[in-house]
Each structure stands twice: as C-alpha cells, then as structure tokens.
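# Structural description and commentary
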Amino acid sequence: LDAGQRLYEKQCAACHGLRGAGDGPAAYLLYPKPRDFTQNEFRLVSTSTMQATDEDLFLTITRGMPGSAMPSWETYTPEQRWALVYYVRQLTGASEPVDPSSIIRVPPETPKTPEGVAQGRAIFAQACASCHGPLGKGDDGHQTMHVDSLGYPIKPRDLTAGVFKGSSSSQDLYYRIIAGLPGSPMPSYAGVYTDEQVWDLIHYVQSLVPPGVEDRVRLRAQHVRARRIRGRIPSEPT
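Note that the structure is predicted; figures quoted are calculated from it, not measured.

## Quick look at the pattern of salt bridges
- Evaluation of the coordinates by the stated rule reveals three salt bridges.
- Arg 89 is the partner of Asp 54 in a salt bridge, and the nearest nitrogen-oxygen pair spans 2.9 Å. Taken as a pair, Asp 54 in helix H3 (residues 54–63) and Arg 89 in helix H4 (residues 78–92) lie far apart in primary sequence, 35 residues in all.
- You can call Arg 89 buried: its relative accessible area is 16%.
- The partner of Arg 63 in a salt bridge is Asp 172, and the shortest N-O contact between them spans 2.9 Å. A residue pair is termed long-range when its members are at least 10 positions apart, and Arg 63 in helix H3 and Asp 172 in helix H7 (residues 170–179) qualify at 109 residues.
- For Arg 63, a relative accessible area of 27% puts it in the partly exposed group.

## Details of the layout of surface pockets
- As a volume, the second largest pocket reaches approximately 270 Å³.
- Contributing to the lining of the second largest pocket are 16 residues, with Asp 54, Arg 89, Glu 96, Pro 97 and Val 98 lying nearest its centre.
- Counted by class, the lining of the second largest pocket contains five nonpolar, six polar and five charged residues.

## Details of the side chain of Thr 92
- Structurally, Thr 92 is set in helix H4.
- Thr 92 sits in the buried class, given a relative accessible area of 8%.
- Among the polar contacts made by the side chain of Thr 92, one reaches the main-chain carbonyl oxygen of Arg 89 at a distance of 2.6 Å.

## What to know about the nonpolar core
- Counting residues in each nonpolar core, the largest one holds 44 residues, and the members touching the most others are Tyr 8 and Phe 124.
- The set of elements that each furnish at least two residues to this core consists of helix H1 (2–11), H3, H4, helix H5 (114–127), H7 and helix H8 (195–207).
- Residue contacts for Phe 124: discarding those within four places in its chain leaves Ala 129, His 132, Gly 133, Pro 134, Gly 136, Leu 159, Leu 201, Tyr 204, Val 205 and Leu 208.

Quick notes on the rules
- Residues numbered from 1 in each chain as written.
- Predicted model: local features only at pLDDT ≥ 70, side-chain atom pairs only at ≥ 80, totals over all residues.
- Heavy atoms only, no water.
- Salt bridge = Lys/Arg side-chain N within 4 Å of Asp/Glu carboxyl O.
- Helix = DSSP H or I, 4+ residues; strand = E, 2+ residues; numbered from the N terminus.
- Buried < 20%, exposed > 50% of the residue type's maximum accessible area, 1.4 Å probe, protein only.
- 1 Å grid on protein atoms, 1.4 Å probe; cavity = no way out; pocket = protein on both sides within 12 Å on 5 of 7 lines; lining within 4 Å.
- Points joined across faces, edges and corners; volume = space filled by probe spheres on them.
- Nonpolar A, V, L, I, M, F, W, Y, C, P; charged D, E, K, R; others polar.
- Polar contact = N/O pair within 3.5 Å; in protein donor to acceptor, adjacent residues only side chain to side chain.
- Core = buried A, V, L, I, M, F, W, Y, C linked by side-chain atoms within 4.5 Å.
- Contact = heavy atoms within 4.5 Å.

This is the structure we're talking about:
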C-alpha cells in the first residue's frame, strides 16, 4: 500500500485527485472525466454484479483506457502495478471482496462463419444500432445526447475506429456485452441472447474494424530520445 500510494501520488493524483475523487488539478481539462474511485464504479468489469475484480483493475492500469487521457502503465513492473491496484482498491472504501461466484465465465467461442456474421448483423441492428448507429460509427442518426451516471455527456463508441475500451478481443467483447459498462448507457445483455448469438454479435463487431486500424491506435509505451545540445539552443525547431 505504501508503494502504491507513492506511485499514485506521483502519476495518478493529477487527474484522479489525492483522495481518488476524480478531482485532480488536471481533471477539468479532460474528456471523458477521470474516474471517481470513491464511487467504486469502474467501466471495465468481468462480473455480473458490475464490480471490478483486482484483475480487471490490473488490466486497465496495464493497458490504459483507449479514447481517454488514461495512458498505459506497462512500463512499471507487475509488482508496481499490483501495488497501484491495492491502493486504488483502498480509495474505493469497499470492505467486501468481490464474490467469486459473480465472475462471468466465458463459454467456448463458436467458429466464425459468414452465416454467423450475418446473424450478428441482424442482432446488432436490433440491439445496438440505436446507439452505435446502423454502421457502427457511433452515430444513431439523430444526434441523441447520451449521459453517464454523473450527468456528463458521453458518446457511443465508433466501433469502426479501432478504439475499444479494453480491446476487441473475443473475451473482452464478451465481458462488455454480458456485463455492460457500469455508469454508462451501455446495458448488460446477460440472458437476452444465447451464447451462440452473443458470439455471432461479437464476430460481426470485430468485422467492423478495418484490418490494421486497431493495431495503429493501440496505446504503447514510447521512448523519446533527446540529443544533448552544446552551446545556445537553436530557435529552429528541428
């Protein structure tokens, strides 16, 4: 916890605030807003109770949150990232551990077939197009204003841009569809469709992403190499 607190105050408090209330000095500049940890409400969960497991938090810290100001912290060691998980968990004030029975079990993925993708397209038109648009571009055609649980405006994901909360892996999309996105208008579809229909829908959503797009926009650790300059710093920017 001590190590996690030191890392948090150095790297996270500027956005999330010292007490985790999402009110850091940079928060007003950011959209979407930094998560308020004191609400114990996280977007990316793998449970039926909308509670994030420690593993969910570890993955989010490691990968970052594409489409937001939250970067990847994969440059930290696993031990440092787990320390951050434990400190963030403390900031939530949650005293009860996540019930293991609530963790969503991902069933075996069915083969991707043209017929299945066509079935997924039909399900998408029925369940998803009203927010994500008929082509998955995050435009429902009516410019309807969506808001999150705190009243902030929120835009449905453009599924063709390759920027997913988490990733477009089959397991991640299964969690998003079955668990929903707590605090957002994205509902849970648990029990609405059969496992086969959910896999058909996932395969259709994956087909919306042009080849190579997600790889280009994925957050990665980068190194900036600076060249030492002797004498006066030149005004020419290169």
